[in-house]
Amino acid sequence: PARGPQRPSKAALGGGERKLRSQLWFDNPDNPGMTALYLERYLNFGLTREELMSGKPIIGIAQTGSDLSPCNRHHLDLAKRVREGITAAGGVCFEFPVHPIQETGKRPTASLDRNLAYLGLVELLYGYPLDGVVLTTGCDKTTPACIMAAATVNIPAIVLSGGPMLNGYWKGELSGSGTIVWKSRERLAAGEIDYNEFIDIVASSAPSVGHCNTMGTASTMNGLAEALGMSLPGCAAIPAPYRERGQIAYETGKRAVQMVWEDLKPSDILTREAFENAIVVNSAIGGSTNAPIHINAIARHIGVKLTVEDWEKVGHKVPLIANVQPAGHYLCEEYHRAGGIPAVVNELMKKRLIHENALTVNGRTMGENCRNRPVQDHDVIYPIDKPMMKDAGFIVLKGNLFDNAVMKTSVISDEFRNRYLSNPKDPEAFEGRAIVFDGPEDYHHRIDDPKLKIDENCMLFMRGAGPIGYPGAAEVVNMQPPAALIKKGIHSLPCIGDGRQSGTSGSPSILNASPEAAAGGGLALLKTGDRVRIDLRKGTADILISDEELAKRRADLQKRGGYKYPESQTPWQEIQRSMVDQLGAGMVLKPAVKYQDVAHT
Ligand code: FES
Ligand code: MG
């Protein structure tokens, strides 16, 4: 069907029966009193009765940018182009703020606020006269928060990414968001640079407006929004300052109006096939370990069955083809010029790894969108036949330590592989002595304590860092070894924990462990000095003690009243702790999941 900007004829809309949702507010002759009240205040800044009462689609711009969230601040400007697109297509625009989330600025952790922003946006989309919405996304949690809310309410919704920052450079070398922090803090610990140089190096990675320019959680989640079919093709990777960013903002606004006329809703797009496409793309781009948390959350709110085990089943055998930090070399400017998500999907389609019939927001399928978008630079996006790494997706481990935890195989370095995974008698498995930390503060206090006798045969454990223990789940599992070991050339030890880690980290940690210690998971029973065995082939992670000893420790823990964690500091911390699910299950608010398709109830 033609997808022009004009309002379709009444016949095309089913004989004129269909009224837009906003008309219940603005043009409802059955209830003149309420209609007048709903209407009058929106006139006070210059809107006309004609705009509000003539049945034009009212399109929200869910604005995530503000001075508090610099990664998304650029959306304050982009919204002008969105508005012009909405108007050009015959819609009326209502822009409104979303609870700001700044990944690096929010204490105790930004992910505490993902569900808060979600709740707020659900109320706005449900309770105000909106027929469709443009979701402005960028910094890590803003993307899932917005899509989760659109999934719950189920009005036509389209994602507009803000785009990554331009490349950062330090002394002629690429310096990528986050990744440069993890590298430079090792140099700081080793005494190679001082505090001031450390800060200058890190600052060099942020040369312009936009979100992280590595394949961290921001670029991952915007890329996966596109892979889900929720944004126009090519949207995710366009750097924030490029002219194409303004252009796609305009096109996104236009398209939002047309989606309302077509009644193209999140539930039409967010199908099981779309989620499998997102998992496959995540492996191919070396995406963030935060992706399973957020994508599983979106699936739960739209009512599609998706488990953390699906990430291994669907995603593990997929090769890594995007040569972008932290799994690769380049940053998002090169990645965009090489073709971004459509080019990645184009390669994946050659191996039939994509559900090509999955519908996307432009009304066309994923296959139609990506078939004619070949890779422009094979040094940045490798050919699927000659990938950077085979079988590069996540693996999911379980055992007496936890029911599930995720490991990102695409960032296993040669150093790590040689030291831990190359025993010919016991390939892909390693054992070590556990060093246990209760939260990031405990780690910082004790990591360099010589009494712990940490050597290369140790594994570092972080517990008390999950959604309940450290409200929202802290990004702290990628623990640096003690400075003394780094000076000896040992840059990483196996790290395991019930918290998360930054998507910009190149550490092959075993993380997102569920249930967390604070929810009674096996990590709560672990003691420093225990031997632990990890077997990647079998997918197991176990403390090597008898079942009797394990049962005794559990009984002792229960006698002590369970695993202790700090008090809540704010009302929201307490409220979320009382109802949040575990990382493996998307860290959603459990009572929220049953509310689906709420715009139609
Ligand atoms: Fe906001 Fe990375 S800190 S995108
Ligand atoms: Mg992060």
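Predicted, not measured: the structure shown is a model, and the values here were computed from it. (Residues numbered from 1 in each chain as written. Chains lettered and ligands numbered in written order. Predicted model: local features only at pLDDT ≥ 70, side-chain atom pairs only at ≥ 80, totals over all residues.)

1. A few points about the overall build of the protein chain
Quick reminder of the rule: Numbering of helices and strands starts at the N terminus; helices are DSSP runs of H or I of at least 4 residues and strands are runs of E of at least 2. Atoms considered for the radius of gyration are the C-alpha atoms alone. The globule rule reads 2.2 Å times the number of residues to the power 0.38. The burial label depends on the number of other C-beta atoms within 10 Å of a residue's C-beta. Counts of 20 or more mean buried, 12 or fewer mean exposed, and intermediate counts mean partly exposed, with C-beta atoms placed from the backbone. A residue pair is marked as a contact if its C-beta atoms, positioned from the backbone, fall within 7 Å.
Looking only at helices and strands, the protein chain has 22 helices and 14 strands in total. Its C-alpha atoms give the protein chain a radius of gyration of 25 Å, near enough to 25 Å, the size a compact globule of 601 residues would have. Dimensions of the protein chain, computed from C-alpha atoms along their principal axes, come out at roughly 75 × 55 × 45 Å. In the protein chain, which comprises 601 residues, the share counted as buried stands at 55%. The long-range share in the protein chain, meaning contacts at least 24 apart out of those at least 6 apart in sequence, stands at 79%.

2. Thoughts on helix α4 (residues 75-88)
Helical periodicity: at 3.6 residues per turn, an α-helix aligns residues three or four positions apart in one direction. Condition: In this analysis, the expected span of each helix is defined as 1.5 Å times one less than the number of residues it contains.
Taking 1.5 Å per residue as the helical rise, α4 with its 14 residues ought to reach 20 Å, and the 19 Å between its terminal C-alpha atoms agrees with that figure. For α4, the secondary structure elements touched by its buried residues are β1 (58-63), β2 (92-97), β3 (132-137), β4 (157-161) and α10 (243-262). Phi turns positive one or two residues past the end of α4, at Gly90, with a value near 90 degrees.

3. Concerning helix α6 (residues 142-153)
Over its 12 residues, α6 extends 17 Å from the first C-alpha to the last, a length consistent with the 16 Å expected when each residue adds 1.5 Å. Burial within α6 is extensive, with 12 of its 12 residues counted as buried. Within two residues after α6, Asn154 carries a phi angle of roughly 65 degrees, on the positive side.

4. Side note on the UniProt feature "domain: Dihydroxy-acid/6-phosphogluconate dehydratase C-terminal" (unreviewed entry) in the protein chain
Applicable threshold: UniProt positions are given in the numbering used here, feature names are shortened, and annotations may be inferred rather than shown by experiment.
Those places that UniProt annotates as "domain: Dihydroxy-acid/6-phosphogluconate dehydratase C-terminal" (unreviewed entry) correspond, in this numbering, to residues 379-586. In the segment residues 379-586, helix accounts for 19% and strand for 20%; the C-alpha atoms at its two ends are 34 Å apart.

5. Focus on the environment of Leu232
If you trace the backbone, Leu232 turns up in the loop between α9 (217-227) and α10. Take Leu232: there are 21 C-beta atoms within 10 Å of it, and that puts it in the buried class. For the pair Leu232 and Ile158, spaced 74 residues apart in the sequence, the C-alpha separation amounts to 8.0 Å. Apart from the residues lying within four places of it in its own chain, the contact partners of Leu232 are Ile248, Glu251, Thr252, Arg255, Val361 and Asn362.

6. Structural notes on the nonpolar core
Put simply, the test is: Any set of buried Ala, Val, Leu, Ile, Met, Phe, Trp, Tyr and Cys residues joined through C-beta atoms within 7 Å is what this text calls a nonpolar core.
If you look at the biggest cluster of nonpolar residues, it comprises 171 residues, and the most contacted ones within it are Leu135, Val344 and Phe461. Filtering out sequence-adjacent residues up to four positions away, Phe461 remains in contact with Ala434, Ile435, Val436, Phe437, Ile496, Gly497, Leu523 and Leu526.

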